[in-house]
Amino acid sequence: MDILIHQSPGELVYLYISARRLQNLGNSNIQDFRCRVYSKDDFIGETEVSRSTLDPDFKQPIPIMYKFNKRQKLVFQMIDADQELASQLVSQNTSTSIVGICKQPLAKLMGARNSLSQLNLMKGDQIVGNIIIHVARKGPQIIGQKEQGHKVTEIKWRWGGVKLLDLDFFTKSDPFAKFYRINGQQTELIHKTEVIKNNLNPNWMCWETTENELIKYSKNLYVEVMDYDKMGSEEIGHVTINYDEIKINKRTEFPLLTPKGKNAGTLKLLELIIVEPNEEKKEIVQEEPKEPTFLDYLMGGWQMSLSIGIDFTFSNQPITKPDSLHKIDPHKLNYYQQAIKDIGGGIIAFDYDKQVPVYGFGGTPKLPTYTKSTMDDCFPLNGNKDKPFCNDMEGILQAYIEAVPNIVFSGPTFIANVLNKALQFAKDNAQKNTYTVAMILTDGQIEDQDDAIKVLLECQSLPMSIIIIGVGDENFKYMKQFDDPMFLKKHSKSDMNVRDIIQFVSFQDYKNDIEQMSSAVLDHLPKQFMDYMHINNIQPIKIQSVHLSKAFI
């Protein structure tokens, strides 16, 4: 079975998977299991088969490209390998061997404490076991494996191709490699890489084996590089490699020959780590260490926390009007709800407690536990002045639905006090390795520019970003100035370092396409986050090793 991976911008992470208390559907023998992962209808990858256990710890991680600005919903399928024929095609919807299913966005898995989650596996309405998922930055680190007392020589390596022969007419070849050990006149497949589409210089994922498995019969290996095609893959080239050439002579490049003996490019060893029994790791070929990335901070213990301010001025139109921007429709989210859910959801994923302060401004609140007779430019949406927090996205949207009918829309549009609440929240979060994102949703121009600018300048020294979202058809000319750091620089002291921490976007700029707007907004946050870390010389928190076999005992 060929594994397709579509290469796209993002950061590579690895999913390590275990399961607990799986139901044994066999008659007497305990089943063999594997886990498959999909994103929508796209097959991402699968683990190896774990034999005769209801508590499998899968060794083979599943690589996936994570994109902070995209919603990546994953589906995990626990498969009964005993029922699955070796030649069966991978099918998400028609497989009869699915033991249970779990659905979870990748961002939530990564944002969990230690990037470690335990979730229910479901078969219809029935819980059929638990799945444990750990997201890691590095593939070669084996979760749950003991570092001492190795009984075999372990090999961790990564291969690539250089200037491979192109067998396609209109595009480039889609290469993958097959590694065989040689047993007399026979060859036995030991590993097949993923397919990298439209690429003559592929870098395949790192994989692992042992010397016992690799050279069980002979020190010679046979490698085929193939061009993937649904109708039948075609050989690009092959080569026979003596293992001693790699281990002893440090050779890394091996010319490929076509079936007719012509040049087909080069098979190249990109990375190799050999771990001898009871010895330290020997790094023979290794990539240079990289600078810390956005994910190194988030997966190392830094969190992102959200605060929200919502405009209830009269220009939104009362909810009794058909064109009200706050109209509540049980079958369709309004623009305020869409922005909160799509943009806020990507941020809340990296907040451990998911407690979000939500404020309204520009309206007169008549809430059951919080009432004013005049306009309030900063009131708790849940009516609790001392605890204005809503729990997770579900709590935010529910508080909004309950509050809207109990708010008299008025004005003017003042945002300085809501920004100041976010500023105080960010000051508290700064002591907890937490980066704050303040999201302000408004349908018009603000009328307290000078006060707002003072607060925005004070935000510059904090781990904080501000997103201002324009809702409706107003002219947001003045608001757009906030998106330019030089605008704030003109109002600051001459020696002040002004970071780019503010984004202004409006629905009309994206033709009311919330998915496109959300992607554009979230695309800026990692750079703003990293700018703060670099300016303040803050390094990622060291990630502690996580052993899945002991994670949820």
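In what follows, the structure referred to is the one given above.
Residues numbered from 1 in each chain as written. Predicted model: local features only at pLDDT ≥ 70, side-chain atom pairs only at ≥ 80, totals over all residues. Heavy atoms only, no water.

Chemist: Describe the nonpolar core, listing the residues and the values that go with them.
Modeler: Of all hydrophobic cores here, the largest spans 83 residues; its most connected members are Phe-76 and Ile-469. No other element matches helix H11 (residues 514-535), which puts 9 residues into this core. Setting aside chain neighbours within four positions, we find Phe-76 in contact with Leu-15, Ile-17, Cys-35, Arg-36, Val-37, Gly-100, Ile-101, Cys-102, Leu-109, Leu-121, Ile-131 and Ile-133. Counting 31 residues, the second-largest nonpolar core is a separate cluster that includes Ala-452, Cys-459, Ile-466 and Phe-482. (Core = buried A, V, L, I, M, F, W, Y, C linked by side-chain atoms within 4.5 Å. Buried < 20%, exposed > 50% of the residue type's maximum accessible area, 1.4 Å probe, protein only. Helix = DSSP H or I, 4+ residues; strand = E, 2+ residues; numbered from the N terminus. Contact = heavy atoms within 4.5 Å.)

Chemist: Got a sec to walk through helix H6 (residues 392-403)? Specific residues and values, please.
Modeler: Three or four residues apart is the spacing at which side chains of an α-helix point the same way, because the helix has 3.6 residues per turn. Over its 12 residues, H6 extends 17 Å from the first C-alpha to the last, a length consistent with the 16 Å expected when each residue adds 1.5 Å. Among all positions of H6, only Met-393, Ile-396, Leu-397, Ala-399, Tyr-400 and Ala-403 are buried. Along the axis of H6, the buried residues cluster in a sector spanning 160 degrees; they form a single face. Where H6 is buried, its residues touch strand E20 (303-311), helix H5 (335-348), strand E21 (355-361), strand E22 (363-367), strand E25 (389-391) and strand E26 (407-409). (Expected span 1.5 Å × (residues − 1). Arc of directions from axis to C-beta.)

Chemist: Now, about the pairing of E20: what can you tell me, with residues and values included?
Modeler: Along any regular strand the residues' side chains alternate between the sheet's two faces. Of all 9 residues making up E20, 9 are buried, and the element is well covered by its neighbours. Residues of E20 alternate between two faces, with Gln-303, Ser-305, Ser-307, Gly-309 and Asp-311 on one and Met-304, Leu-306, Ile-308 and Ile-310 on the opposite face, all of them buried. With 4 bridges connecting them, E20 and E21 associate as parallel partners. Each bridged residue has a counterpart across the sheet, and for Ile-310 the counterpart in E21 is Gly-360. Between E20 and its parallel partner E21, the chain crosses via H5, and the hand of that crossover is right-handed. (Pairing = 2+ DSSP bridges. Right-handed = clockwise from strand over helix to strand, strands pointing away.)

Chemist: Provide a residue-level description of the side chain of Asp-376, including the pertinent values.
Modeler: By the secondary structure assignment, Asp-376 is in the loop between strand E23 (370-371) and strand E24 (379-380). In this structure Asp-376 comes out as buried when scored by relative accessible area, which is 6%. Beyond its immediate sequence surroundings of up to four residues, Asp-376 is in contact with Gly-360, Phe-361, Gly-362, Gly-363, Pro-365 and Tyr-370.

Chemist: So, the sheet that holds E22: which residues are in play, and what are the values?
Modeler: Note on sheets: strands pair through backbone hydrogen bonds, and any given pair is parallel or antiparallel. Strand order across the open sheet formed by 3 strands is E23-E22-E26, with antiparallel pairing between neighbours. Since the sheet does not close on itself, it has two edges, and those belong to E23 and E26, each with one partner. Sheet topology note: the E22/E23 ladder contains 2 bridges and is antiparallel. Across the sheet, Lys-366 pairs through a bridge with Thr-371, a residue of E23.

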